[in-house]
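# Tertiary structure, described
Residues per chain, in single letters:
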Amino acid sequence: MPQDRHRRPKPMQKKLFTELGLSPELLKAINKVGYEEATPIQSEAIPPLMEGKDVVGQSQTGSGKTAAFAIPAIEKADPANRAPQTIVLCPTRELALQVAEEVAKLAAFKRGIRELPVYGGQSYERQFRGLKQGAQIIVGTPGRIMDHLERGTLQLDQIRMIVLDEADRMLDMGFIDDIRTILKHAPAERQTVLFSATLPRPILELIRQFTRDPVNIRIEGQALTVPAIEQVYYEVDRRAKLEVLCRIIDLHDVKYGLIFCATKAMVDDLTEHLQARGYLADKLHGDMSQALRERTMGRFRRRAVEFLIATDVAARGLDVEDIEVVFNYDLPQDAEDYVHRIGRTGRAGKSGKAITFVGGREIYRLQNIMRFTKGKIRRERPPSVEEVQEKRENVFFESLREMLDKGEYKRNDELVDRLLDLGHSPTDIASAVLHMMSAEKTRAASADVAEKGRAHRDFPREPREFSGPRDRRERRPRDDDRRAPRRERRGRDEGRHDERAAAVSHEAGMLRLVLNIGKAKHIQPGDVVGVIAGAANVPRESIGSIKLLPKLTLVDVAEEHAETVIRKLNGIRFKGHHLSVAPATDF
Ligand code: ADP
Ligand code: MG
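These numbers come from a predicted model, not from an experiment. For every chain, the first residue of the written sequence is number 1, and numbering continues from 1 along that sequence. Lettering of chains starts at A and numbering of ligands starts at 1, both following the order in which they are written. Only residues with pLDDT of at least 70 are given local features in this predicted model, and only at 80 or more are side-chain atom pairs given and counted; all residues enter the totals for whole chains, interfaces and linings. Water and hydrogen atoms play no part in the side-chain values, which are based on all heavy atoms of the structure.

Our focus in this paragraph is the site of ligand 1. Taken together, 15 residues lie around ligand 1, and Tyr-35, Glu-37, Gln-42, Gly-62 and Thr-66 are the ones closest in. Between Gly-64 and ligand 1, the recorded distance is 3.1 Å, taken from a backbone N or O atom to an oxygen atom. Throughout this description, a polar contact denotes any pair of N or O atoms lying within 3.5 Å of each other; where both atoms belong to protein, one of them has to be capable of donating a hydrogen while the other can accept it, and for residues adjacent in sequence the pair is counted only when both atoms sit in side chains. Interatomic distance of 2.6 Å between a side-chain N/O atom of Thr-66 and an oxygen atom of ligand 1. Throughout, near means a residue has at least one heavy atom within 4 Å of the molecule or strand.

For two strands to pair, DSSP has to find at least two bridges joining them. Going along the chain from the N terminus, every DSSP run of H or I of four or more residues is numbered as a helix, and every run of E of two or more is numbered as a strand. Pairing is parallel across the open sheet formed by 7 strands, whose spatial order is S10-S11-S9-S12-S13-S8-S14. Each edge of the open sheet carries a strand with a single partner, namely strand S10 (281-284) and strand S14 (378-380). This sheet shows a mean twist of 25° between the axes of neighbouring strands, independent of strand direction. Note that strand S9 (residues 257-260) and strand S12 (residues 325-328) share 4 bridges and pair parallel. Residue pairing for S12: Leu-258 is matched across the bridge by Val-326. Think of each axis as a best-fit line through the C-alpha atoms, taken over the contacting stretch in the case of a helix, with angles from 0 to 180 degrees between the N-to-C directions.

Any two packed helices are characterised by the angle at which their axes cross and by the distance between the axes. Between helix H3 (residues 65-76) and helix H4 (residues 93-106), the shortest axis-to-axis distance is 10 Å and the interhelical angle comes to 50°. On the basis of the axis angle, H3 is oblique to H4. In the crossing of H3 with H4, the sense of the turn from one axis to the other is right-handed. Between H3, through Thr-66, Ala-67, Phe-69, Ala-70, Ile-71 and Ile-74, and H4, the contact on the second element is made entirely by Val-99, Glu-102, Val-103 and Leu-106. Note on residue categories: nonpolar means Ala, Val, Leu, Ile, Met, Phe, Trp, Tyr, Cys or Pro, charged means Asp, Glu, Lys or Arg, and polar means any other residue, Gly included. Of the residues contributing to the contact of H3 with H4, the split by class is 8 nonpolar, 1 polar and 1 charged. Comment on the angle field: the value is read as roughly parallel under 35 degrees, roughly antiparallel over 145, roughly perpendicular from 65 to 115, and oblique elsewhere. Helix crossings get a hand from a simple test, with the near helix turned counterclockwise from the far one by less than a right angle marking a left-handed crossing and a clockwise turn marking a right-handed one. Whether two residues touch is decided by their heavy atoms; if any such pair falls within 4.5 Å, the residues are in contact.

A separate point is the pairing of strand S1 (residues 55-58). Here S1 shows a buried face lined by Val-55 and Gly-57 and a second buried face lined by Val-56 and Gln-58. Where S1 and strand S7 (residues 215-218) come together, 4 bridges link them in parallel fashion. When the bridges of S7 are listed, Val-55 appears paired with Val-215. Relative to strand S6 (residues 191-195), S1 is paired through 3 bridges, and the arrangement is parallel. Following the sheet pairing, Gly-57 is matched in S6 by Phe-195. Three exposure classes are used, based on accessible area relative to the maximum for each residue type with a 1.4 Å probe and protein chains only: buried under 20%, partly exposed in between, and exposed over 50%.

Moving on, we come to the sheet that holds strand S3 (residues 115-118). A sheet is described by the order of its strands in space; here 7 strands give the open sequence S3-S4-S2-S5-S6-S1-S7, paired in parallel fashion. Of all strands in the sheet, those with a lone pairing partner are S3 and S7, marking the two edges. Pairs of neighbouring strands in the sheet enclose a mean axial angle of 15°, with direction left out of account. Bridge analysis of strand S5 (residues 161-164) against S6 gives 4 bridges, and the strand direction is parallel. Bridge assignment links Val-163 to a residue of S6, and that residue is Val-193. Strand contacts of H3: strand S2 (86-89), strand S4 (137-140), S5 and S6, with the helix running at about 165° to S6, the strand carrying the most contacts.

Written out as structure tokens, the structure is:
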């Protein structure tokens, strides 16, 4: 085969993007997207494509092929010319959308470069408008692109690059004739790029006929990145959604999630409810000022917020990696929104999960979404109270076991001996103590919830307080809580009531700041003074009262120094912990 002349030895080499001769605008965008180094296929394909060569590439799903062709296409596009210059053909609308989204991100800092997705199912009206306005990079399914060629709404005369993405799948879907026609009508002076997982005969034929001396690249082995999004749905009655949501979060111990609601009012509502149940939740919607939105997103990115609740529109500017679960608390309007929403999890090789709630007749809308995405959305049964209970009991059991193993508790031999002397068995004593603990905990929780209901803007309760086996309203324990001796925990419960009041300093001229570290990390007031005086170079006299909470510290600082403290201390390492400092009123 003639192409074999160019076949390279199996390249597994990864390069830095800075080694690939890219423009500063592209490097900036790549940095913003968060790619640290080029994947093997990117390392191999970008240089020849930048030189103007044809490329035939074979690599696994998830190996980063999109950027491999998108980067050169963007670099080569002429911003002064609005006519289509690159056409990317994809087998499905879903893929076309994904590719267009990636192009948009990578072209973010290139002025005048536009991309346009063109696929079946979307209104022609919208596509005519888009085509008329002009876009250098058109991403579409072969059928719809053919349609536009026939209608004369899309011209190929300025095309300089054609990309066939997932060529073998397009073949399977019967697009081969459309592809041939498009290739035949494009200018001969162009680059042709073809990516395919396999190279069956018709594809080889296509390569022979339509490419010129292509560089063949074949990457074997493990995909670097697997967009492994597990998709499930739950049939839930509208009124039960909140309860089911909390059960899922607790059962699967979700720590970082994005929750979508249909309207701003529902965003407000759900945020309040989750906060009242002790989750660190915050919201994002269109009514908020840009500054406030950015602050909230920043907190979410830093994980000072566990759950972000948002509308589709508000979440558009949100770019956060590593979200564990995307919840569709309300079903998205259409498949396009669905794809956008769930695309925020499972990025860059991490696995992610998308959970969708549907009620009643919404199931039909979900079926439409499934048809569109060709994705499998598995039905799951909402967890029962018993399952959640069992999980809590297991966690409780584990924490007790660990405490016993480590011996990290204060001994009460005398008390125990007295009870034994009275003839109670060790089992009875232990059971009675456990019972007392859970009863006490439940009372504390009810009191707290009642109070929460009245408070308007709450200081966030520390998440994941220790919870006994009976206690359903409280959050599950977190690792360091589990290890904390019980006596300290009780102290914390008592302290909780003044946490809200504590958010405001009563000393004139002082501003109250909150640090994201507390007693649980064994810090002392002296440490806090030390880091403020030392790292921020603020006189010790300007530091006022210090209140240590389990995972937060509230500290009063003279107003004139507060800004310096925030600026100097944010992000530094303190006791092995990335410090974050903010005005307490920010919460
Ligand atoms: P393919 O087309 O080969 O299946 P994609 O282009 O869809 O792969 O990329 C899969 C995932 O990998 C995407 O989530 C993408 O954002 C991510 N990705 C692409 N390039 C890189 C890179 N250089 N570093 C880290 N992640 C990357
Ligand atoms: Mg791909």
